[in-house]
There are 2 protein chains.
Amino acid sequence: MDVIDWLRAALGSDADDGVLSTDPALLDVARADRSGWVADGSPLALVNARTVEHVQATMRAASEFRVPVVPRGAGTGLAGGANGSAGSIVLSLAGMDRILEISTEDQLAVVEPGVINEDLDAALEPFGLFFAPDPASKAISTIGGNIATNAGGLLCAKYGVTREAVLGLDVVLADGRFVRTGHRTVKGVTGYDLTSLLVGSEGTLGVIVGATVRVLPRPQGEPTTLGALFADVRAASDAAARVTAAHLRPAVMELLDAPALERISAYLGEQTIRDAFGAAGGAAYLLVQFDGPTASDDAAAAASVIAETGGTVRVAADAAEGERLLAIRRAFHPALAATGTVLIEDVAVPRSRMPEMFAAIERISRRHGIPIPTVAHAGDGNLHPNFVAPGDGIAPAVWEAAGELFRTAMELGGTLTGEHGVGVLKRRWLAEELGPDSYDLQVKLKSVFDPLGILNPGKVFG
Amino acid sequence: MDVIDWLRAALGSDADDGVLSTDPALLDVARADRSGWVADGSPLALVNARTVEHVQATMRAASEFRVPVVPRGAGTGLAGGANGSAGSIVLSLAGMDRILEISTEDQLAVVEPGVINEDLDAALEPFGLFFAPDPASKAISTIGGNIATNAGGLLCAKYGVTREAVLGLDVVLADGRFVRTGHRTVKGVTGYDLTSLLVGSEGTLGVIVGATVRVLPRPQGEPTTLGALFADVRAASDAAARVTAAHLRPAVMELLDAPALERISAYLGEQTIRDAFGAAGGAAYLLVQFDGPTASDDAAAAASVIAETGGTVRVAADAAEGERLLAIRRAFHPALAATGTVLIEDVAVPRSRMPEMFAAIERISRRHGIPIPTVAHAGDGNLHPNFVAPGDGIAPAVWEAAGELFRTAMELGGTLTGEHGVGVLKRRWLAEELGPDSYDLQVKLKSVFDPLGILNPGKVFG
């Protein structure tokens, strides 16, 4: 009896009812994520879990036969963290997609891991609540994936990262046992914070099968959006820093550099930017959005701070005009995709070091002859340099340039991944950032949870 | 050569310069904290660390001789987490009290662990910034202690617990190695979140010797305070729930029950409450404070919501009147201390279960014949039932009643400690709350960090 037979027996009639699949086409899809990287070889099987018991059966089978398990949500990751490797069982949680509870009194929701982020937000809207974590992929990514990577998004500077939204987790351990961490309360300090340890653990410590998440009252009133064009990215960074220094707290503050703006202009047509601003040109763009009852006052204050730096500011008078300003930012990814294969990178630096990071990106781009259009979540110093190259796949030269970028971010007191995770694609730099003692502790922590090394092996750690 | 000789040699001339002490009076002080509990026997020595090297020398000596080390800040804990046990070395971080950096651009501060919470806040004020974690002890407690217990406070429902304010930690491990966790950035997802794991670990995983903490812009404008008197605690709970349901976000929302209010009236004189309200009476008190630019509008909205529940509401017209309303809450602890020995307890329940928790407190109080005046941070469901008994020390009957209280909190989906920690005093209930699998994981995590079991042994775990 091999692991598949064992698992089929354990799953019973559900196995043939779509829970267990060895369809080569499906296995092939599970080798990839949205990073562009595809794992070598083929997984053994795909489990489309619909219940906690399906997950437990899978982990028991994997323990019995020492077979690797790769937990997977919607497959929208950007670091190769959920790609099904050769000989593994891919454990998809995408089908566990029920919202089990929304409590308006306790301002929390209880969800299965496969719930799409935007679906939870839509379900909360009638109650005047929202789920703050908002990765750019929120229309297609799952909450389980969010939690597994501690995903960020545009709203983090004001509303926090995913970790701060997770109150408790239901987890299946490597050997199939079920544990519940955390509480239905905002506070709670009994023992170590296993919830936070599991958030961002990229499927290497346990399989998340449920989450109790904190939700917040939706900001009141309409948001106010402003856009500003600058002569260069340094001026735009300076403007962003001044908004922060003025103690204004935008919900969104996005910065596009010259190579980004150039491609967006070409993609949307230069007239689009002219229409939005009444003027064209500019080599950097800052998009700022305030929400809540003081949104319009805050936007006016930000506009005057930004104008002092020489930016051409436009405060949207209404939602339609706001949309035009937002559309420029939204065109970033499609505009790049239209010009080549894109490696979306993700570093974070202290806000004060952003100008140095942008200068380094320009230097690295020039030296390697690779365009690196960049968008930054300027409120929290999280930059997405996008390496654009012709043809398919990511060439070694691109990785060499990316490696320089990661080191620069670390030297500036930052990190090689702000919100995407380590996965396979960044594991070779992990030890460099953590240092040997911290790395060693992490490896030992993993073996507490996963003594047989079957949970997403090869991910995060080398 | 014994451990003290070894340590004296390692510390060099600093040993005699006040860093190493075996003064029985000082050792005696180190056996206690603010819980009222005093450890049996005497510690071997007290190290008053002034540098990271002193901490490293201490941990190396302790490893060499297998001697327990009890890390300690200001000794203001309420769970017996920092009490120097027989034969241990007490490692005081209180003397490492420098604020090393305040960055207005990055909105962070770098501090040594012995900095008093309020001192950091005072240092931040000229920059228009503040440090959100605000335990009631903030005038006397250290940031290191805050972090070690993941302390809460009054502002948590709006501004988060200590964990959310900690970006990175400097830590000396059990064997004396130094590691740095986290980043100077808001985002960062390289590897497991060791920072969050250390926050709240009560000195059992490592010794915190430095912290990079997030600071926030001070809310603009003056806060607005309101107080309300109710016929009973259920009506007051209901009012608090309605404030939350109205999506108002008070900075402070404190609830006092009848036994609490009765003692405060006796302590301050009934006239004080009459002066504050223009009327006396009431068997429960709700204090609500809003901050930020919409404070006065929010207070007006809250007042009308509260009035619907039958409460007698008073919105302070100015700071002086606000102070009178706050004074009632502030008198809680002195009023109780005036009537007997007090065990300050600390449970948290989902907000929606607060009325049931208050009912249980009343029941337990009656059954055991022990007064249990209670104050709650109503915004986050964190209750502090205070057991008042005549004489010195905590009688076994009090612990029996407290045990019932903890079990009720757990049954209601809450926890036996919201913000004080487990220490020695709650360790016997820890396994009950965590369950055997989670407890087992935690014990194994500890042994990754502390294979010799020298870091605060006997605390948290039995």
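### Concerning the overall build of chain A
For step 1, the next point in the chain: Along its length, chain A carries 18 helices and 19 strands.
For step 2, the next point in the chain: Relative to the 2.2 N^0.38 estimate, which gives 23 Å for 462 residues, the radius of gyration of chain A is 23 Å and therefore close to what a compact globule would have.
For step 3, the next point in the chain: Considering only C-alpha atoms, chain A reaches an extent of 70 × 55 × 40 Å along its principal axes.
For step 4, the next point in the chain: Every one of the 462 residues in chain A was classed for burial, and the buried ones make up 60%.

### Observations regarding the pairing of strand β2 (residues 45-48) of chain A
Residues and elements named next belong to chain A.
For step 1, the next point in the chain: Pairing of strand β1 (residues 20-21) with β2, which is carried by two bridges, proceeds in the antiparallel orientation. Among the inter-strand pairings, S21 is bridged to a residue of β2, identified as L46.
For step 2, the next point in the chain: Two elements, β2 and strand β4 (residues 89-92), share four bridges in a ladder whose sense is parallel. By the bridge assignment for β4, V47 is matched with L91.

### Brief notes about the relation of the copies chain A and chain B
For step 1, the next point in the chain: In screw terms, the move from chain A to chain B is a rotation of 180° and a rise of 0.0 Å along the axis, fitting with an RMSD of 0.0 Å. What the superposition gives is, in effect, a two-fold axis relating one chain to the other.
For step 2, the next point in the chain: Both copies contact each other with a shared surface, as 100% of the interface residues of chain A are interface residues in chain B too.

### Describing the packing of aromatic side chains
Residues and elements named next belong to chain A.
For step 1, the next point in the chain: A full pass over the atoms with the stated rule returns 14 aromatic pairs over all chains.
For step 2, the next point in the chain: Aromatic pair F130 and Y159: ring centres 5.3 Å apart, planes at 85°, arrangement edge-to-face. With F130 in strand β7 (residues 129-130) and Y159 in helix α7 (residues 156-159), the pair connects residues that are 29 residues apart, well separated along the chain.
For step 3, the next point in the chain: What makes F130 buried here is its relative accessible area of 7%.
For step 4, the next point in the chain: For the pair F406 and W429, a centre-to-centre distance of 4.7 Å together with 80° between the ring planes defines the contact as edge-to-face. Here F406, found in helix α16 (residues 396-411), pairs with W429, found in helix α17 (residues 427-434); they are 23 residues apart in sequence, far enough to count as distant.

### Focus on the sheet that holds strand β1 (residues 20-21) of chain B
The pairing of strands in a sheet happens through backbone hydrogen bonds and is either parallel or antiparallel.
Residues and elements named next belong to chain B.
For step 1, the next point in the chain: Spatially, the four strands line up as an open sheet ordered β1-β2-β4-β3, and their pairing is mixed. Each edge of the open sheet carries a strand with a single partner, namely β1 and β3 (69-72).
For step 2, the next point in the chain: Pairing between β3 and strand β4 (residues 89-92): four bridges, direction parallel. Within the sheet, the bridge partner assigned to P71 lies in β4 and is L91.
For step 3, the next point in the chain: On top of the sheet, helix α4 (residues 52-65) reaches β2 (45-48), β3 and β4; it is set at about 165° to β4, its chief contact.

### Quick word on the sheet that holds β1 of chain A
For step 1, the next point in the chain: Pairing within the open sheet is mixed, and its four strands lie in the order β1-β2-β4-β3 (chain A). One side of each edge strand has no neighbouring strand; the edge strands of this open sheet are β1 and β3 (69-72) of chain A.

### Concerning the pattern of salt bridges
Two side chains bearing opposite charge may form a pair once their charged atoms approach each other closely.
For step 1, the next point in the chain: Evaluation of the coordinates by the stated rule reveals 56 salt bridges over all chains.
For step 2, the next point in the chain: Residue E432 of chain B pairs with R407 of chain B through a salt bridge whose shortest N-O separation is 2.5 Å. Of this pair, E432 of chain B sits in helix α17 (residues 427-434) while R407 of chain B sits in helix α16 (residues 396-411), and the two are 25 residues apart along the sequence.
For step 3, the next point in the chain: For E432 of chain B, a relative accessible area of 41% corresponds to the partly exposed category.
For step 4, the next point in the chain: Bridged by salt links that share partners, the residues E101, D106 and R184 of chain A form one connected network.

### A word on the interface of chain A and chain B
For step 1, the next point in the chain: Across the boundary between the two partners, chain A contributes 79 residues, which contact 79 residues of chain B.
For step 2, the next point in the chain: Summed over both sides, the interface between chain A and chain B buries roughly 6600 Å², with carbon and sulfur atoms accounting for 58% of that surface.
For step 3, the next point in the chain: The largest per-residue losses of area from chain A upon contact with chain B belong to K187, V189 and Y192 of chain A, which jointly make up 15% of the total buried on that side.
For step 4, the next point in the chain: Put simply, chain A and chain B have eight salt bridges between them.
For step 5, the next point in the chain: In this structure, D193 of chain A and R163 of chain B form a salt bridge, with 2.8 Å as the shortest nitrogen-oxygen distance.
For step 6, the next point in the chain: At the surface where chain A touches chain B, the tally comes to 38 residue pairs in polar contact (both at pLDDT 80 or more).

### Thoughts on the environment of E202 of chain A
For step 1, the next point in the chain: Tracing the chain through its elements places E202 of chain A in the loop between α8 (194-198) and β10 (207-214).
For step 2, the next point in the chain: Given a relative accessible area of 7%, E202 of chain A falls into the buried group.
For step 3, the next point in the chain: Between the C-alpha atom of E202 of chain A and that of V422 of chain A, which follows or precedes it by 220 residues, the distance is 8.2 Å.
For step 4, the next point in the chain: Each residue touching E202 of chain A, except ones within four places of it in the same chain, is listed here: A148, G421, V422, G423, N456 and V460 of chain A together with V189 of chain B.

### What to know about the packing of α17 of chain B against helix α18 (residues 436-449) of chain B
Residues and elements named next belong to chain B.
For step 1, the next point in the chain: Relative orientation of the contacting elements α17 and α18 amounts to 120°, with a least axis distance of 6 Å. When the axes of α17 and α18 are compared, the pair comes out oblique. Only P436, S438, Y439 and Q442 of α18 make contact with α17, whose side of the interface consists of L430, A431 and L434.
For step 2, the next point in the chain: Across the contact of α17 with α18, the residue classes break down as five nonpolar, two polar and no charged.

### Side note on the pairing of strand β14 (residues 284-290) of chain B
Residue and element names in this part refer to chain B.
For step 1, the next point in the chain: When you tally the buried positions in β14, you get seven out of seven residues, the bulk of the element.
For step 2, the next point in the chain: The two faces of β14 match: A284, L286, V288 and F290 on one face and Y285, L287 and Q289 on the other face are all buried.
For step 3, the next point in the chain: In this structure, strand β12 (residues 224-230) lies alongside β14, joined through seven bridges in antiparallel fashion. Note that in β14 the partner of T225 across the bridge is Q289.
For step 4, the next point in the chain: In this sheet, β14 lies alongside strand β13 (residues 252-256) in antiparallel orientation, the contact comprising five bridges. In the strand pairing of β14, V252 is matched with Q289.

### Considering helix α11 (residues 270-277) of chain A
All names here are of chain A.
For step 1, the next point in the chain: For α11, the set of buried residues is I273, A276 and F277. Along the axis of α11, the buried positions cluster into a sector of 85°, meaning they face one direction only.
For step 2, the next point in the chain: Where α11 is buried, its residues meet β12 (224-230), α10 (258-268), β14 (284-290), β15 (312-315) and α13 (319-330).
For step 3, the next point in the chain: Trailing α11 by a residue or two, G278 shows a phi angle of about 70°, which is positive.

### Concerning unusual backbone geometry
For step 1, the next point in the chain: A positive phi angle, close to 55°, is found at E202 of chain A, a residue other than glycine.
For step 2, the next point in the chain: Non-glycine residue V460 of chain B carries a positive phi angle of around 70°.
For step 3, the next point in the chain: Positionally, V460 of chain B belongs in the segment after α18.

### A word on the packing of helix α1 (residues 3-11) of chain B against α4 of chain B
Residue and element names in this part refer to chain B.
For step 1, the next point in the chain: The interhelical angle for the contact between α1 and α4, taken along N-to-C directions, is 150°, at an axis separation of 9 Å. In terms of orientation, α1 and α4 fall into the roughly antiparallel class. Taken as a pair, α1 and α4 cross one another with a handedness that is right-handed. Here α1 contributes V3, W6, L7, A10 and L11 to the contact with α4, which in turn contributes H54, A57, T58, R60, A61, E64 and F65.
For step 2, the next point in the chain: Looking at side-chain class alone, the contact of α1 with α4 contains eight nonpolar, two polar and two charged residues.

### Details of the environment of A331 of chain A
Residue and element names in this part refer to chain A.
For step 1, the next point in the chain: On the secondary structure map, A331 appears in the loop between α13 and α14 (332-337).
For step 2, the next point in the chain: For A331, a relative accessible area of 5% gives the class buried.
For step 3, the next point in the chain: As a C-alpha pair, A331 and T309 span 22 residues in sequence and 25 Å in three-dimensional space.
For step 4, the next point in the chain: For A331, the residues in contact, after removing those within four places along its chain, are I264, Y267 and L268.

Parameters at a glance
- Residues numbered from 1 in each chain as written.
- Chains lettered and ligands numbered in written order.
- Predicted model: local features only at pLDDT ≥ 70, side-chain atom pairs only at ≥ 80, totals over all residues.
- Heavy atoms only, no water.
- Helix = DSSP H or I, 4+ residues; strand = E, 2+ residues; numbered from the N terminus.
- Rg over C-alpha atoms; globule rule 2.2 N^0.38 Å.
- Buried < 20%, exposed > 50% of the residue type's maximum accessible area, 1.4 Å probe, protein only.
- Pairing = 2+ DSSP bridges.
- Least-squares fit on C-alpha atoms with pLDDT ≥ 70 in both.
- Contact = heavy atoms within 4.5 Å.
- Phe/Tyr/Trp six-rings, centres within 6.5 Å; stacked < 30°, edge-to-face > 60°.
- Axes fitted to C-alpha atoms, helices over the stretch in contact; angles between N-to-C directions.
- Salt bridge = Lys/Arg side-chain N within 4 Å of Asp/Glu carboxyl O.
- Buried area = accessible area lost by both parts, 1.4 Å probe.
- Polar contact = N/O pair within 3.5 Å; in protein donor to acceptor, adjacent residues only side chain to side chain.
- Parallel < 35°, antiparallel > 145°, perpendicular 65-115°, else oblique.
- Nonpolar A, V, L, I, M, F, W, Y, C, P; charged D, E, K, R; others polar.
- Arc of directions from axis to C-beta.
- Left-handed = near helix turned anticlockwise from the far one by under 90°.

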